[in-house]
Amino acid sequence: MGKHKKKEEAVFLRKKITLLRAFSLLIGSMVGSGIFISPKGVLKNSGTVGFSLVVWFACGLLSMFGALCYAELGTRITKSGGHYIYILETLGPLPSFLFLWAEFFAIRPANSAVVSLAFGRYLLEPFFAPCAAPVPAVKLISLLGYCHTKNFQDAFDRQSLVPDKLPLAFYAGMFAYSGWFQTSFVREELVRPERNIPLAVIVSVITVIVGYMLTNISYYTALGTQDVLASPAVAVSFVQQACTNLISVVPVLVALSCFGTMNGGILTFSRTLFVASREGQWPPLFSMIHIRRHTPLPAVMLMFPLVTAMVCIGDIYHLLNFFSFSRWLFIGLATLGLIVHRYRHPELQSPFKVPLFVPVSFTIICLFTVAMSIYSDPVNISIGCTMVLSGFPVYYLVIQRKMSNRCHRLLYYLTHKLQLLLEVVQQEIKTY
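Everything numeric in this text was worked out from a predicted model, so none of it was measured.

## Section: the overall build of the protein chain
Thought 1: Counting secondary structure elements, the protein chain contains 19 helices and 2 strands.
Thought 2: Out of the 432 residues in the protein chain, the part that is buried amounts to 54%.
Thought 3: Carbon and sulfur atoms provide 66% of the accessible area of the protein chain, an area that totals close to 19,500 Å².

Structure (structure tokens):
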């Protein structure tokens, strides 16, 4: 009795995410802003309606492959942290730190900024129709919080296909599906993860594939190719054509969907910093959790300033290309890590195992798309690549190099003061 009471009073991340909550997290993270802003990017870079639908289905299939790989990694590696911990455990500390560096300064802020901008655009669009919402107003709201068969004619016109733009079409499509990996970030908080991770990802990804295909067919049925490309908010344009009675309701529903995605992103990203701090690659304050809420509060608070900067200076599609390079590079490395982990630990019996061709295919496609995108959008991709490479000197100067006594005392002093201010402590019970 006394031991049970002591555990109830202890400060640690509790296992509260059931199968239904895991399913809700995945669906809520995937069905956010992507399906409402990506159709334009997919169509623009694929050339025709038919090829864009092929890209959407291919992205869904690729997401399923990635989700299955992560489901196996989640049953093999018992720690939270998603991409970071999988790369750390399979490929080593340097690649994992480079991911952490890119994730903090590029991937997550840019991704959150894209969702935030979509949130602001859809929330303001009805008030300015038929004109486009002013850009400053969209950015401000972003910080505070998508029937004619003739549209399918010549759906596979090869003259409109530009092969070197296909990687950007895949980036836009994969952005809409991104979120299938979210359960891997909260692995230590999942109830029965060996069973619930594979079940949740398989059901959720299939559900989203079907929903996205039907949604895109609906868009193209009501809107022409030029209408989709010209629309700043595809879902609003669709409702204006198909069901004018819902014109004031749909933007609010889309904005709420974006808000849910942002909430899921904050939940999972904070776990990345939490685990990285616990592994010694991030300041120790971020491995602490709130004494009453039992959440990694410092890690949650850290992201807002960078997201604010990205929202203020960025454009949705430029930000999309900018962070997609780094994201899919490291996701490809994580699934490569699954192959390495299988080779190094043949004795490990995983309760869930995918055929070898799944991680091999997914890794090759990811890395090939990343390589091709350098040619498709050299400016934004170069910036993303530079951001990743800038982590090298930081790793060797800060992580590998032993900290001086003076710096150590200063860090300890700051950590202690912030710990008192935020009311956070280290976990008292090991959860992995």
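## Focus: a nonpolar patch on the surface
Thought 1: A cluster of nonpolar residues, Leu246, Val249, Val252, Leu253 and Leu256, forms a patch on the protein surface that exposes about 420 Å² of accessible area.
Thought 2: As for its placement among the helices and strands, Val252 is situated in helix H12 (residues 250-278).

## Structural notes on the confidence of the model for the protein chain
When pLDDT is low, close inspection of the predicted coordinates is not appropriate.
Thought 1: With 84% of its residues at a pLDDT of 70 or more, the protein chain shows a mean pLDDT of 81.
Thought 2: Mean pLDDT values for the elements of the protein chain range from 51 in helix H7 (residues 135-143) up to 94 in helix H5 (residues 83-91).
Thought 3: Taken as a whole, residues 143-152 scores under 50 in pLDDT and shows 37 contacts with residues more than four places along the chain or in a different chain.

## Some points on empty space enclosed by the protein
Thought 1: Estimated volume of the largest cavity: approximately 170 Å³.
Thought 2: If you go around the largest cavity, you meet 21 residues; those closest to its centre are Ser29, Asn111, Val115, Ser178 and Thr261.
Thought 3: Of all the secondary structure elements, the ones that give two or more residues to the lining of the largest cavity are helix H2 (19-30), helix H6 (93-128), helix H8 (166-177) and H12.
Thought 4: Of the residues belonging to the lining of the largest cavity, the class tally is 8 nonpolar, 11 polar and 2 charged.
Thought 5: Taken as a whole, the second largest cavity holds about 50 Å³ of empty space.
Thought 6: If you trace the second largest cavity, you find it lined by Leu62, Phe170, Tyr171, Met174, Trp328, Cys366 and Thr369.
Thought 7: Put simply, the parts of the chain that give the lining of the second largest cavity at least two residues each are H8 and helix H16 (357-376).
Thought 8: Here the lining of the second largest cavity takes 3 residues from H8, the largest share from any one element.
Thought 9: Considering only residue class, the lining of the second largest cavity consists of 6 nonpolar, 1 polar and no charged.

## Describing the packing of helix H9 (residues 193-222) against helix H11 (residues 234-242)
Thought 1: Where H9 meets H11, the closest approach of the two axes is 9 Å, and the angle between their N-to-C directions is 55 degrees. Taken together, H9 and H11 sit at an angle that is classed as oblique. The two elements H9 and H11 meet at a crossing, and its hand is left-handed. On the side of H9, the interface is formed by Ser218, Tyr219 and Ala222, while H11 contributes Val234, Ala235, Phe238, Gln241 and Ala242.

## Notes on the pattern of salt bridges
Thought 1: Applying the stated criterion across every chain yields a total of 9 salt bridges.
Thought 2: Here Arg187 makes a salt bridge to Glu194, at a shortest N to O gap of 3.4 Å.
Thought 3: When salt bridges with common partners are traced through the structure, they connect Glu72, Arg76 and Arg342 into a single cluster.

## Let's talk about unusual backbone geometry
Most peptide bonds take the trans configuration, and most residues that are not glycine carry a negative phi.
Thought 1: In this structure, Arg192 takes a positive phi of about 50 degrees despite not being glycine.
Thought 2: Even without being a glycine, His294 presents a positive backbone phi close to 60 degrees.
Thought 3: Here His294 is to be found in the loop between strand E1 (288-290) and helix H13 (297-302).

## A short note on the environment of Gly280
Thought 1: Tracing the chain through its elements places Gly280 in the loop between H12 and E1.
Thought 2: Using a relative accessible area of 52% as the deciding quantity, one classes Gly280 as exposed.
Thought 3: As for Gly280 and Ile399, which are separated by 119 residues in sequence, their C-alpha atoms are 8.1 Å apart.

## Quick word on the environment of Val11
Thought 1: Looking at the secondary structure, you find Val11 in the loop between helix H1 (2-9) and H2.
Thought 2: Sequence-distant contacts of Val11, defined by excluding residues within four places in its chain, comprise Ile289, His290, Ile291, His294, Val425, Gln426, Gln427, Glu428 and Ile429.

## A look at the nonpolar core
Thought 1: Ranked by size, the top nonpolar core spans 114 residues in total, and within it Trp180 and Trp328 carry the most contacts.
Thought 2: The biggest single contributor to this core is H6, with 16 residues.
Thought 3: If we skip the residues at most four places from it in the chain, Trp180 touches Leu26, Met30, Ser63, Gly66, Ala67, Tyr70, Met174, Val201, Val205, Trp328, Ile331 and Phe362.

What counts, and where the lines are drawn
Residues numbered from 1 in each chain as written. Predicted model: local features only at pLDDT ≥ 70, side-chain atom pairs only at ≥ 80, totals over all residues. Heavy atoms only, no water. Helix = DSSP H or I, 4+ residues; strand = E, 2+ residues; numbered from the N terminus. Buried < 20%, exposed > 50% of the residue type's maximum accessible area, 1.4 Å probe, protein only. Areas by Shrake-Rupley, 256 points an atom, 1.4 Å probe, with all protein chains shown as cover. Patch = residues over 30% accessible without salt bridge, like charges linked within 9 Å, V, L, I, M, F, W, Y side chains within 5 Å. Salt bridge = Lys/Arg side-chain N within 4 Å of Asp/Glu carboxyl O. pLDDT = per-residue confidence, 0-100. Contact = heavy atoms within 4.5 Å. 1 Å grid on protein atoms, 1.4 Å probe; cavity = no way out; pocket = protein on both sides within 12 Å on 5 of 7 lines; lining within 4 Å. Points joined across faces, edges and corners; volume = space filled by probe spheres on them. Nonpolar A, V, L, I, M, F, W, Y, C, P; charged D, E, K, R; others polar. Axes fitted to C-alpha atoms, helices over the stretch in contact; angles between N-to-C directions. Parallel < 35°, antiparallel > 145°, perpendicular 65-115°, else oblique. Left-handed = near helix turned anticlockwise from the far one by under 90°. Core = buried A, V, L, I, M, F, W, Y, C linked by side-chain atoms within 4.5 Å.

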